Amino acid sequence: GWESALLLVPWYLYLYQGDTRILEESYPNFKKYMDRLAAADYMNKNPSGWLGDWVPVSDKRMCPEAVIHAGYHYQDAKITALAARLLGRNGEAEKHEAAAAGVKKTFREKYVDPATGRVNVPRGTQTAASWALHQGLAGEKDRAALTEQLVEEIARWKGHVECGIFGAKAIL
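For clarity, every value in this text was computed on a predicted model and none was experimentally measured. Each chain has its residues counted from 1, running along the sequence as written. Only residues with pLDDT of at least 70 are given local features in this predicted model, and only at 80 or more are side-chain atom pairs given and counted; all residues enter the totals for whole chains, interfaces and linings. Excluded from the side-chain calculation are hydrogens and water; included are all heavy atoms of the structure.

**Student:** Please explain the overall build of the protein as it appears in this structure.
**Tutor:** Scanning the protein from N- to C-terminus turns up 7 helices and 0 strands. The secondary structure listing takes helices from DSSP runs of H or I that are at least 4 residues long and strands from runs of E that are at least 2 residues long, numbered from the N terminus. Along the protein, from the amino end to the carboxyl end, the secondary structure elements read α-α-α-α-α-α-α. Two things to know: the radius of gyration comes from C-alpha atoms, and the globule rule equals 2.2 Å times the number of residues to the power 0.38. Taken over the C-alpha trace, the protein has a radius of gyration of 17 Å; the compact-globule value for 172 residues is 16 Å, and the two agree within 12%. For the protein, the spread of C-alpha atoms along the three principal axes comes to 50 × 30 × 30 Å. The cut-offs for exposure are 20% and 50% of the maximum accessible area for each residue type, with area from a 1.4 Å probe on protein chains only; residues under the lower value are buried, those over the upper are exposed, and the others partly exposed. Within the protein, the proportion of its 172 residues that are buried is 47%. Sequence separation of 24 or more characterises 69% of the internal contacts of the protein that already satisfy a separation of 6 or more. Charge counting follows a simple rule: Lys and Arg are positive, Asp and Glu are negative, and His as well as the terminal groups are ignored. Lysine's charge is taken at NZ, arginine's at CZ, aspartate's at CG and glutamate's at CD. Put simply, the protein has 22 plus and 21 minus side-chain charges, and the middle of one group is 2 Å from the middle of the other. Working rule for contacts: check all heavy atoms of both residues, and any pair within 4.5 Å makes them a contact.

Structural data, given as structure tokens:
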């Protein structure tokens, strides 16, 4: 989402240019943002309007916002951990790696059926399945089941993508 640009822009600048100065300058804000995410109980209490799969074909089929939150939280924690390691802050890197693992675990407990490896959401299945794959929330053993679920969902909609901006990004 938009807030993740705080981490994504400096991270991609580092990747493209190889200069850690942007990470050194940005890292204090990375930490503040990660503290903010850690305090948000988005998995149990929807902070409606914060981040969702905007402009789906129908709001009645919108993926739960927590799915999108979890994907970005996981990605942001991974980037913060990588930046911390590059900057020699190994203790802080471990903290952010643990945060990422916690987000993934919570997501899987709430949204992934352990018997089938498929996402179990009331609506927005295309987004939920593709987002879990795209953002790394899927376990390696569940990738095939989620891919199959996504293909089935697209076929169910007669070959149409039935999602909003984040689902479309992940599917395409």
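**Student:** Can you walk me through the pattern of salt bridges in this structure?
**Tutor:** What counts as a salt bridge is simple: a side-chain nitrogen of Lys or Arg found within 4 Å of a carboxyl oxygen of Asp or Glu. Following the criterion strictly, the structure yields 11 salt bridges and no others. Between R108 and D142 there is a salt bridge, with the nearest N and O atoms lying 2.4 Å from each other. Taken together, the residues span a long stretch of sequence, with R108 in helix α4 (residues 90-111) and D142 in the loop between α5 (125-135) and α6 (143-156) at a distance of 34 residues. Assessed through its relative accessible area of 21%, R108 is described here as partly exposed. Close ionic contact of E152 with R118 constitutes a salt bridge, the shortest N to O distance being 2.9 Å. In this pair, E152 is assigned in helix α6 and R118 in the loop between α4 and α5, connecting sequence segments 34 residues apart. Residues joined by salt bridges that share partners form a network here, namely R108, K141 and D142.

**Student:** In this structure, what is going on with the nonpolar core? I would like to understand it.
**Tutor:** Inside soluble globular proteins, nonpolar side chains tend to come together where they are buried. Counting residues in each nonpolar core, the largest one holds 45 residues, and the members touching the most others are V67 and F107. Counting residues per element, the ones that place at least two in this core are α1 (5-17), α2 (21-39), α3 (65-86), α4, α5, α6 and α7 (165-171). In terms of residues, this core owes the most to one element, α3, which gives 10 residues. Beyond its immediate sequence surroundings of up to four residues, F107 is in contact with M43, V67, A70, V112, A132 and L137. Buried residues of nine kinds, namely Ala, Val, Leu, Ile, Met, Phe, Trp, Tyr and Cys, make up a nonpolar core once their side-chain atoms join them within 4.5 Å.

**Student:** Help me out: how do you make sense of the side chain of E153 in this one?
**Tutor:** Among the structural elements, E153 can be located in helix α6. With relative accessibility at 14%, the residue E153 sits in the buried group.

**Student:** What is the right way to look at the packing of aromatic side chains in this model?
**Tutor:** Geometry of an aromatic ring pair is reported as the spacing of the ring centres plus the angle between the planes. Pairing of aromatic rings covers Phe, Tyr and the six-membered ring of Trp, with a centre-to-centre limit of 6.5 Å; geometry is then stacked below 30 degrees between planes, edge-to-face above 60, and tilted otherwise. Within this structure, the stated rule accounts for 7 aromatic pairs. Between the aromatic rings of Y12 and Y16, the centroid separation amounts to 6.1 Å while the plane-to-plane angle is 20 degrees, which identifies the pairing as stacked. Placement of the pair is Y12 and Y16 together in helix α1, with a separation of 4 residues, close to one helical turn. Accessibility expressed as a relative area gives 36% for Y12, which makes it partly exposed. For the pair Y72 and F166, a centre-to-centre distance of 5.6 Å together with 75 degrees between the ring planes defines the contact as edge-to-face. Pair noted here: Y72 is in helix α3 and F166 is in helix α7, with a separation of 94 residues, a long-range link. Of the residues examined, Y72 reaches a relative accessible area of 6% and is grouped as buried. What links up through ring pairs into an aromatic cluster is the set Y72, W131 and F166.

**Student:** Teacher, can you tell me more about the environment of V151 here?
**Tutor:** In this structure, V151 sits in helix α6. When its relative accessible area of 53% is taken as the criterion, V151 is described as exposed.

**Student:** Just to check I follow, could you spell out a nonpolar patch on the surface for this structure?
**Tutor:** A cluster of nonpolar side chains, namely W2, W54, V55 and I165, defines an oily patch on the protein surface of about 490 Å² accessible area. Here W2 is to be found in the segment before α1. Like charges within 9 Å and nonpolar side chains (Val, Leu, Ile, Met, Phe, Trp, Tyr) within 5 Å are joined into patches, using only residues over 30% in relative accessible area that form no salt bridge. Under the convention used here, a 1.4 Å probe and the Shrake-Rupley method define accessible areas, while residue burial counts only the protein chains that appear.

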